[in-house]
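Here is how the chains run, residue by residue.
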Amino acid sequence: IGPVRAQVADVFGLAARPAALDAPSALIALPVCEALEPTGIPGEHGSHGQAASNRRLTPDSFEVMTREYRPGDTVRRIHWPATARRGSLMVRQEDYRATPRAVIMLDRSRAAFLSQGAGSEPSLQIPQFTSAPKDSSRRFEWALHAALGVGAYLAQTGFGIDLIDHRGEGVNDVSASGTEEAGELFAGPHATARMQQALAALALEDSGVQRHETARSTLAAALKERMRERGDRLVLILGEPTPEQADDWLEVVGARSKVTVLCVANREAHLFPIISRFRQAGWSAVAVNPKTTLTEAWAGLWHQS
């Protein structure tokens, strides 16, 4: 928006000239975040839904987790097992808090969300500030909406959210509205607001597409690097994958039990064989269309658990 333009005139009104005041300012239209019911996480057994947990101290971690007693330390911080082991008073430092990670992979390939030829769908234009607009579609906008809603829900239950695209790149790195904290997880009280900003200008990939084999190996390496703990989860938000592409996803992700899949198609009945293939691998999977609400899709995933 801007700059503001004004007419500057003398006090007698004899002369006037146009003037531009200040510089243009960016206006970001944030996507709406749909709140999900606290029913738990698809694929988890039992009623627990909170992900954050304190890691138990082990004998090997005494040296790291404790220090020697100093005058002024409260008696309540004395760590008696470490004291017995060292033979001198030891006090606890701050407990190490293990925050599980949820990787949300949002496919933004043009082939998945902007079909060409027969049955093609109209493209939407996403503003890119001063650059040329980029393409999107109704199905991709639904996928983006789902990534935000699921990400916000998981962040509230204690996960650190890692938003990446189908090439393993962080959303902050490929979105024109990405925040400065490119390498950080979306976590804490401001996680939802930061995800809204990062996703605001996200669009489908440019025409220059990476080779399939290169893209697959890059994504596999990114997932291996990001998902290291047993409590980590993976959410795949896909378009309309073919059986071959479904096999690719199964091969790239590997034998992980905590995987949730959302596939967006104009006619979800076409994806039932794909969904069955994912479910046979032990994943929670559901097919939706752009008219499906995220709450309905989430309920469908939960009923499989």
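Note: the structure precedes this text.
What you see is a predicted model, and the numbers here were worked out from it, not measured in a lab.

Draft legend 1. Structural detail: the overall build of the protein chain. A count of helices and strands for the protein chain gives 10 helices and 13 strands. Within the protein chain, contacts between residues separated by at least 24 positions form 68% of all contacts whose residues are at least 6 apart in sequence. With an accessible surface of roughly 17000 Å², the protein chain has 52% of that area assigned to carbon and sulfur atoms.

Draft legend 2. Highlighting the nonpolar core. Val 150, Leu 154, Ile 161, Leu 163 and Ile 237 are the most contacted members of the largest nonpolar core, which totals 41 residues. Looking at this core element by element, the count peaks at 11 residues for helix 4 (residues 138-156). Among residues more than four places away in sequence, those in contact with Val 150 are Leu 36, Ile 104, Val 235, Leu 262, Leu 294 and Trp 298. With 24 residues, the next largest nonpolar core counts Met 105, Leu 271, Ala 285 and Ala 287 among its residues.

Draft legend 3. The pairing of strand 13 (residues 284-288), seen in detail. Counting buried positions along strand 13 gives 5 out of 5 residues, so the element sits mostly inside the fold. Side chains of strand 13 alternate between two faces, with Ser 284, Val 286 and Val 288 and Ala 285 and Ala 287 buried alike. Direction of pairing for strand 12 (residues 259-264) relative to strand 13: parallel, over a ladder of 5 bridges. Following the sheet pairing, Val 264 is matched in strand 13 by Val 288. Assessed by its sense of winding, the connection that carries the chain from strand 12 through helix 9 (residues 272-280) to strand 13 is right-handed.

Draft legend 4. Structural detail: the pattern of salt bridges. By the definition in use, this model includes 8 salt bridges. We note a salt bridge from Asp 135 to Arg 110, for which the minimum N-O separation is 2.8 Å. Of this pair, Asp 135 sits in strand 9 (residues 131-136) while Arg 110 sits in helix 3 (residues 110-113), and the two are 25 residues apart along the sequence. Classification of Asp 135 as buried rests on a relative accessible area of 18%. In this structure Arg 110 comes out as partly exposed when scored by relative accessible area, which is 22%. Ionic pairing is found between Lys 134 and Asp 206, a salt bridge with its closest N-O pair at 3.4 Å. Here Lys 134 is found in strand 9, whereas its partner Asp 206 is found in the loop between helix 6 (191-200) and helix 7 (212-226), with 72 residues between them in sequence. On the basis of relative accessibility, which here comes to 28%, the residue Lys 134 falls in the partly exposed class. Taking relative accessible area as the criterion, Asp 206 reaches 44% and is therefore assigned partly exposed. If you follow the salt bridges from partner to partner, you end up with Arg 101, Asp 162 and Arg 226 in one network.

Draft legend 5. How the structure looks around the sheet that holds strand 12. Strand order in the open sheet formed by 5 strands is 10-7-11-12-13, with parallel pairing between adjacent strands. Looking at the sheet topology across the chains shown, the edges are occupied by strand 10 (160-165) and strand 13. Strand after strand, the sheet turns through a mean of 15° between neighbouring axes, direction not considered. Seen against the sheet, helix 4 touches strand 7 (101-106), strand 10, strand 11 (233-238), strand 12 and strand 13 and runs at an angle of roughly 175° to strand 7. Sheet contacts for helix 9: strand 11, strand 12 and strand 13; angle to strand 13, the most-contacted strand, approximately 165°.

Draft legend 6. Representation of a nonpolar patch on the surface within the structure. Taken together, the side chains of Tyr 69, Val 75, Trp 80 and Leu 89 make up a nonpolar region of the molecular surface, amounting to roughly 410 Å² of accessible area. Inspection of the secondary structure puts Tyr 69 in the loop between strand 4 (66-68) and helix 2 (80-86). In this structure Tyr 69 comes out as partly exposed when scored by relative accessible area, which is 33%.

Draft legend 7. Inspection of helix 4 at higher detail. With 19 residues, helix 4 should reach 27 Å at 1.5 Å per residue; the first-to-last C-alpha distance of 27 Å fits that figure. The buried fraction of helix 4 is high, at 15 of 19 residues. Where helix 4 ends, the next residue or the one after it, Gly 158, has phi of about 110°, a positive value.

Draft legend 8. Spatial organisation of the pairing of strand 1 (residues 4-9). Counting buried positions over the 6 residues of strand 1 gives 0, only a small fraction of the element. What sits between the antiparallel neighbours strand 1 and strand 2 (residues 16-21) is a turn of 6 residues, in which Gly 13 has the positive phi angle 70°.

Draft legend 9. Quick peek at the packing of helix 4 against helix 10 (residues 294-302). Interhelical geometry of helix 4 versus helix 10 gives an angle of 65° and a closest axis separation of 10 Å. Taken as a pair, helix 4 and helix 10 cross one another with a handedness that is right-handed. Two secondary-structure elements touch here, helix 4 through Trp 142, His 145, Ala 146, Gly 149, Val 150 and Tyr 153 and helix 10 through Leu 294, Ala 297 and Trp 298. For the contact of helix 4 with helix 10, the residue count by class is 7 nonpolar, 2 polar and no charged.

What counts, and where the lines are drawn
Residues numbered from 1 in each chain as written. Predicted model: local features only at pLDDT ≥ 70, side-chain atom pairs only at ≥ 80, totals over all residues. Heavy atoms only, no water. Helix = DSSP H or I, 4+ residues; strand = E, 2+ residues; numbered from the N terminus. Contact = heavy atoms within 4.5 Å. Areas by Shrake-Rupley, 256 points an atom, 1.4 Å probe, with all protein chains shown as cover. Core = buried A, V, L, I, M, F, W, Y, C linked by side-chain atoms within 4.5 Å. Buried < 20%, exposed > 50% of the residue type's maximum accessible area, 1.4 Å probe, protein only. Pairing = 2+ DSSP bridges. Right-handed = clockwise from strand over helix to strand, strands pointing away. Salt bridge = Lys/Arg side-chain N within 4 Å of Asp/Glu carboxyl O. Axes fitted to C-alpha atoms, helices over the stretch in contact; angles between N-to-C directions. Patch = residues over 30% accessible without salt bridge, like charges linked within 9 Å, V, L, I, M, F, W, Y side chains within 5 Å. Expected span 1.5 Å × (residues − 1). Left-handed = near helix turned anticlockwise from the far one by under 90°. Nonpolar A, V, L, I, M, F, W, Y, C, P; charged D, E, K, R; others polar.

Function cannot be read off these values alone, since they describe shape.
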